[in-house]
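Topology and contacts: notes
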Amino acid sequence: MIVPFDIIILIFLVITALISLRVRDLLGATMILGVYSFLICLLWAEMGAVDVAFTEAAVGAGVSTVFMIATIYHTRRHSSD
Amino acid sequence: MKWFGLIATVFTGILLLSAVPDFAAFGDPDSPANGGLGDHPSVSQYYITDTYTDTKVPNIVTAVLADYRGYDTMFETVVIFAAGIAIFAILRSFSGPVAPSHPTAIDTSVEGDHQRIIIGTTCRVIIPVIQLFALYVVAHGHHSPGGGFQGGVILGASFILVALAKDLSAALGRFSEKRYLALGSVGILIYAGFGLLCVALERNFLDYEILHRIMPATDPIMARSHSMLGVEVGVAFTVTAIMFAIYANLSSKGRLEQGF
């Protein structure tokens, strides 16, 4: 575990989480959630939980992003609230 | 209402953060979770020292997931199956064809043709590699990170890539609705079948040791290792089928005619 590296990733995690909540463009928010997933995957890999990191990279960053984009395609692209 | 939400969030955050100092330090060998209480060793200590002699599986995570905690993983797979079936039940529509809400943008110009050639050729080259890697992840889950869930997701993603690169009907031609529903159920049946085989041989459910009687040329320890592989294959079947089923139904509003 490298503490400065962890802190940098955690700061970026908070930033991406806040941005994905604030962005009105749903496609953009989905992309930022994908970045969030990759960051948390990086954090887990760095802490030694490689199996969990692998699952997060495949499910969180890969497939669920595709699912959300497929859903956004059938709704409106911009959030109303 | 906005202020109430803010106050509730801040209060919960403070409450959770106040519990953080009570956690053991990262990797602390003397914490109860790692070192056990008094002279009773903890369960993680047991996994670290005895997994290899019990099961001959170097990846402790896989051994815990598929053997020691086999029930958990079985019903995790059932949860994924149920989620897929729920999405299928909500979205799948058997009514006749309707005019698409978005006109299908098939670009017939020369530039569009080039684009199709580039994407099509790339996918044709890369999809076999992805599928081979998925099978490697499933089969090699004992020795390296991976296993049924990850391999199944990668294998399902390769079919989603076919649907993204060409169209949904091309992917459904390779992996039809009948097939993915059958494959999803077969995966769980494989997993439960391993458990029921143990019961048939007069042991507990998912107690793989006894399976050496019906597996040729294995001892009880290797029987556990091989049964884990079989169980992981079952998980991979279900996850592959359900991932593709969810995508196919989401992207075409359950009509399975055209997605994008």
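All values derive from a computational prediction rather than experimental measurement.

Here's the deal with the packing of aromatic side chains
Counted according to the given criterion, the structure contains eleven aromatic pairs over all chains. Aromatic ring contacts, followed pair by pair, group Phe-159, Phe-175, Tyr-180 and Phe-244 of chain B into a single cluster.

Side note on the environment of Phe-149 of chain B
Residues and elements named next belong to chain B. Looking at the secondary structure, you find Phe-149 in helix α7 (residues 148-165). Sequence separation between Phe-149 and Gly-184 is 35 residues, and the spatial gap between their C-alpha atoms is 13 Å. Apart from the residues within four sequence positions on either side, Phe-149 is in contact with Thr-73, Glu-76, Thr-77, Ile-80, Val-235 and Val-239.

Overview of the nonpolar core
Among the nonpolar cores identified, the biggest contains 54 residues, and Phe-67 of chain A together with Tyr-180, Tyr-208 and Phe-244 of chain B are the most heavily contacted of them. Put simply, the parts of the chain that give this core at least two residues each are α3 (50-73) of chain A together with α4 (60-68), α5 (70-91), α6 (110-139), α7, α8 (168-174), α9 (177-200) and α10 (220-251) of chain B. With sequence-adjacent residues up to four places away left out, Phe-244 of chain B is seen in contact with Phe-159, Ile-160, Ala-171, Leu-172, Phe-175 and Tyr-180 of chain B. The next biggest cluster of nonpolar side chains, apart from the first, holds five residues, and it includes Ile-9, Leu-13, Leu-39 and Leu-43 of chain A.

Regarding the interface of chain A and chain B
Counting residues at the interface gives 16 residues for chain A, matched by 21 residues for chain B. For the pair chain A and chain B, the summed buried area comes to about 1800 Å², and 79% of that belongs to carbon and sulfur atoms. It is Asp-51, Phe-54 and Phe-67 of chain A in chain A that bury the most area against chain B; as a group they hold 34% of the surface buried on that side. On inspection of chain A and its partner chain B, the count reaches zero salt bridges. Where chain A touches chain B, the interface holds four residue pairs in polar contact (both at pLDDT 80 or more).

A word on the packing of helix α3 (residues 43-55) of chain B against α4 of chain B
Residues and elements named next belong to chain B. Running from N to C, α3 and α4 cross one another at 75°; their axes reach a closest spacing of 10 Å. It follows that α3 is roughly perpendicular to α4 by the angle criterion. Contacts from Tyr-46, Tyr-47, Ile-48, Asp-50, Thr-51, Asp-54 and Thr-55 in α3 reach Ile-60, Ala-63, Val-64, Asp-67 and Tyr-68 in α4. Classifying every residue of the contact of α3 with α4 by side-chain character gives seven nonpolar, two polar and three charged.

A few points about the confidence of the model for chain B
Of the residues in chain B, 92% have a pLDDT of 70 or more, and the chain-wide mean is 87. Scored as a whole, the predicted complex attains pTM 0.86, and scored at its interfaces, ipTM 0.87.

What about the layout of surface pockets?
When its volume is computed, the second largest pocket comes out at roughly 450 Å³. Taken together, Gly-48, Ala-49, Val-50, Asp-51 and Val-52 of chain A together with Asn-34, Ser-44, Tyr-47, Ile-48, Asn-59, Ile-60 and Val-61 of chain B form the lining of the second largest pocket. Of all the secondary-structure elements, those providing two or more residues to the lining of the second largest pocket are α3 of chain A together with α3 and α4 of chain B.

Some thoughts on α5 of chain B
Residues and elements named next belong to chain B. Compared with an ideal rise of 1.5 Å per residue, which puts 22 residues at 32 Å, α5 spans 32 Å between its outermost C-alpha atoms and is within 8% of the ideal. Burial in α5 covers these residues: Gly-70, Thr-73, Met-74, Thr-77, Ile-80, Phe-81, Gly-84 and Phe-88. One side of α5 carries all its buried residues, which in axial view fall inside an arc of 120°. In α5, the exposed positions angled more than 90 degrees off the buried face are occupied by Val-79, Ala-89 and Ile-90.

Cut-offs used in this document
Residues numbered from 1 in each chain as written. Chains lettered and ligands numbered in written order. Predicted model: local features only at pLDDT ≥ 70, side-chain atom pairs only at ≥ 80, totals over all residues. Heavy atoms only, no water. Phe/Tyr/Trp six-rings, centres within 6.5 Å; stacked < 30°, edge-to-face > 60°. Helix = DSSP H or I, 4+ residues; strand = E, 2+ residues; numbered from the N terminus. Contact = heavy atoms within 4.5 Å. Core = buried A, V, L, I, M, F, W, Y, C linked by side-chain atoms within 4.5 Å. Buried < 20%, exposed > 50% of the residue type's maximum accessible area, 1.4 Å probe, protein only. Buried area = accessible area lost by both parts, 1.4 Å probe. Salt bridge = Lys/Arg side-chain N within 4 Å of Asp/Glu carboxyl O. Polar contact = N/O pair within 3.5 Å; in protein donor to acceptor, adjacent residues only side chain to side chain. Axes fitted to C-alpha atoms, helices over the stretch in contact; angles between N-to-C directions. Parallel < 35°, antiparallel > 145°, perpendicular 65-115°, else oblique. Nonpolar A, V, L, I, M, F, W, Y, C, P; charged D, E, K, R; others polar. pLDDT = per-residue confidence, 0-100. 1 Å grid on protein atoms, 1.4 Å probe; cavity = no way out; pocket = protein on both sides within 12 Å on 5 of 7 lines; lining within 4 Å. Points joined across faces, edges and corners; volume = space filled by probe spheres on them. Expected span 1.5 Å × (residues − 1). Arc of directions from axis to C-beta.

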